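Listed here are the chains, written in short residue letters.
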Number of protein chains: 2
Amino acid sequence: MKKLSDQKIIDSWEKNARPWVAAVREGEIESRVLVTNKAIVDAVLGRTPRLVLDVGCGEGWLVRELAKAGVDSLGIDVVPDLIESAQHAGGGRFRLLSYEEVSMDILKEKFDLLVCNFSLIGNESVNRLFRLAPTFLHPGGSLIVQTIHPVAGCGDGKYEDGWREGSWAGFSDSFSDPAPWYFRTLETWKFLFSENGFRLDEIREPAHPRTQKPASVIFIGVLPVRS
Amino acid sequence: MKKLSDQKIIDSWEKNARPWVAAVREGEIESRVLVTNKAIVDAVLGRTPRLVLDVGCGEGWLVRELAKAGVDSLGIDVVPDLIESAQHAGGGRFRLLSYEEVSMDILKEKFDLLVCNFSLIGNESVNRLFRLAPTFLHPGGSLIVQTIHPVAGCGDGKYEDGWREGSWAGFSDSFSDPAPWYFRTLETWKFLFSENGFRLDEIREPAHPRTQKPASVIFIGVLPVRS
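(A) The interface of chain A and chain B, seen in detail. Contacts between the two partners involve 23 residues from chain A, matched on the other side by 23 residues from chain B. Connecting chain A to chain B are zero salt bridges. Here chain A and chain B share 18 residue pairs in polar contact (both at pLDDT 80 or more) between them. Of all elements in the fold, only α7 (150–153), α8 (186–195) and β8 (199–204) of chain A reach the threshold of two or more residues within the side of chain A that touches chain B. Within the side of chain A that touches chain B, the residues separate by chemical class into eight nonpolar, six polar and nine charged.

Printed below as a string of structure tokens:
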């Protein structure tokens, strides 16, 4: 297996699923607790969806949070331990499903909104998901992506699309073998939406109260009502 | 006069018009020569306009460059010395006109494309220009803005809209009293387009060959054919 690949991401998450569930549920990730959890919930609820597909749902916190607001969701994730934790906690439906296999044949239902919360970290897998996303949505539906902001995430490297080494800096010793991630420029994110039929309706940059820099970027794309 | 204001920008440019004309015409600004001049010309010509309005045209190089490609342009600028230099060099029409006074009553013609090349550096003046831009354009027309990229331009300050002190670092001793500029986040630029009826069609991030970071950001907005 290549060191930097979509498959390596899955491999890493399978190894780190258990400490991850603990980290999320015990509020150990400061930027999530202070900024990005609320930012993604607000972005989703702002679109008043009835049925949401949470792509890369992890241990399911967002599905549960949306359920509290009366919104039904299906969460999908490729990591068995994460889906098991999600199902155990409840609050919505969860299915073990990879980005490579998800399709309308398998889902068999359409959604008002797709949300990907820090879950688009691969290369080909993400391109495939963008291509299929319009088929999962009702006309006028939304695709919301929260991801690492290019401003904060580029670091000293070249500002260009490509694989980057992962890191668990700031996390406990329970984590190992960090997942690589595929850096995308702003230009490429914008292009992914446009190229796949989405009008980019909003860009949000939730600020971290301590650093005063964006903690993330949120893209909100909308499918035309008639296409 | 306030130290950080739209008026202060004009005041500074009036003082620095002569060295600026020399700096542009003698290719003294590396990022322009290496990256951003070609980037804005390509962006404009990619839209195949017949008639262009260059807002904040300075000494007129872009109008002349477009003329070489067979595109007629009108350049407007508020600084008398710059418009005089532009008219002297020719290649298109040039008018002394501030962002505060430009209107359809004065222009008396519609354009296929508006281009603002590093010329949207104020606050209220820029908001006003965005509000009026649709009235200057034929349906389906484009508004292209090249500006400082938030990634490169934010520096150590807060990532939020607001006035910043200017600097002539890297320029010759002929320059003095730098113009302040109004920093805008990506979120705000996107909002300015959407709020004023433009669909954001493209975001480009031309890379600087030495730093490998974006030398600028280019936003390409398009008016709906029917609104």
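(B) Examining the environment of serine 73 of chain A more closely. Residue and element names in this part refer to chain A. Following the sequence through the fold, serine 73 ends up in strand β2 (residues 72–77). It is 28 Å that separates the C-alpha atoms of serine 73 and proline 214, two residues lying 141 residues apart in sequence. Every residue in contact with serine 73, bar those within four places of it in the chain, is listed here: Leu51, Val52, Val63, Leu66, Gly92 and Arg93.

(C) The sheet that holds strand β1 (residues 51–55) of chain A, seen in detail. Residues and elements named next belong to chain A. The sheet built from seven strands is open, its strands ordered β3-β2-β1-β4-β5-β9-β8 with mixed pairing. Looking at which strands have only one partner, the edges of the open sheet turn out to be β3 (93–96) and β8. Here the strands of the sheet are splayed against their neighbours by 20° on average, with no regard to which way each runs. In terms of strand pairing, strand β4 (residues 111–117) meets strand β5 (residues 137–147) through six bridges, oriented parallel. Looking at β5, one finds that leucine 114 is bridged to leucine 143. Packed onto the sheet, helix α3 (residues 61–68) meets β1, β2, β3 and β4 and runs at close to 180° relative to β2.

(D) Examining the relation of the copies chain A and chain B more closely. Laying chain A over chain B is done by rotating through 180° and shifting 0.0 Å along the axis; what remains is an RMSD of 0.0 Å. Look at the turn and shift together and you get a two-fold axis relating the two. Of every C-alpha in chain A, the one belonging to valine 151 of chain A sits nearest the axis of rotation, 2.4 Å from it. Residue by residue, 100% of the interface of chain A is reproduced at the interface of chain B, so both copies engage with the same surface.

(E) Spotlight on the side chain of serine 5 of chain A. Residue and element names in this part refer to chain A. In this fold, serine 5 is placed in the segment before α1 (6–25). From its side chain, serine 5 meets the backbone nitrogen of lysine 8 in a polar contact 3.1 Å long. Residues within four places of serine 5 in sequence aside, it is in contact with Trp163 and Pro180.

(F) Up close: empty space enclosed by the protein. All names here are of chain B. Counting across every chain of the model gives one cavity of 30 Å³ or more. Computed from the structure, the largest cavity encloses a volume of approximately 40 Å³. As for the largest cavity, its lining consists of Ala23, Val24, Gly27, Glu28, Ile29, Arg32, Val33 and Asn37. Of all the secondary structure elements, the ones that give two or more residues to the lining of the largest cavity are α1 (6–25) and α2 (30–45). In terms of residues, the lining of the largest cavity owes the most to one element, α2, which gives three residues. When its residues are assigned to classes, the lining of the largest cavity shows four nonpolar, two polar and two charged.

Parameters and conventions
Residues numbered from 1 in each chain as written. Chains lettered and ligands numbered in written order. Predicted model: local features only at pLDDT ≥ 70, side-chain atom pairs only at ≥ 80, totals over all residues. Heavy atoms only, no water. Contact = heavy atoms within 4.5 Å. Salt bridge = Lys/Arg side-chain N within 4 Å of Asp/Glu carboxyl O. Polar contact = N/O pair within 3.5 Å; in protein donor to acceptor, adjacent residues only side chain to side chain. Helix = DSSP H or I, 4+ residues; strand = E, 2+ residues; numbered from the N terminus. Nonpolar A, V, L, I, M, F, W, Y, C, P; charged D, E, K, R; others polar. Pairing = 2+ DSSP bridges. Axes fitted to C-alpha atoms, helices over the stretch in contact; angles between N-to-C directions. Least-squares fit on C-alpha atoms with pLDDT ≥ 70 in both. 1 Å grid on protein atoms, 1.4 Å probe; cavity = no way out; pocket = protein on both sides within 12 Å on 5 of 7 lines; lining within 4 Å. Points joined across faces, edges and corners; volume = space filled by probe spheres on them.

Don't take any of this as a statement about function, it's just geometry.
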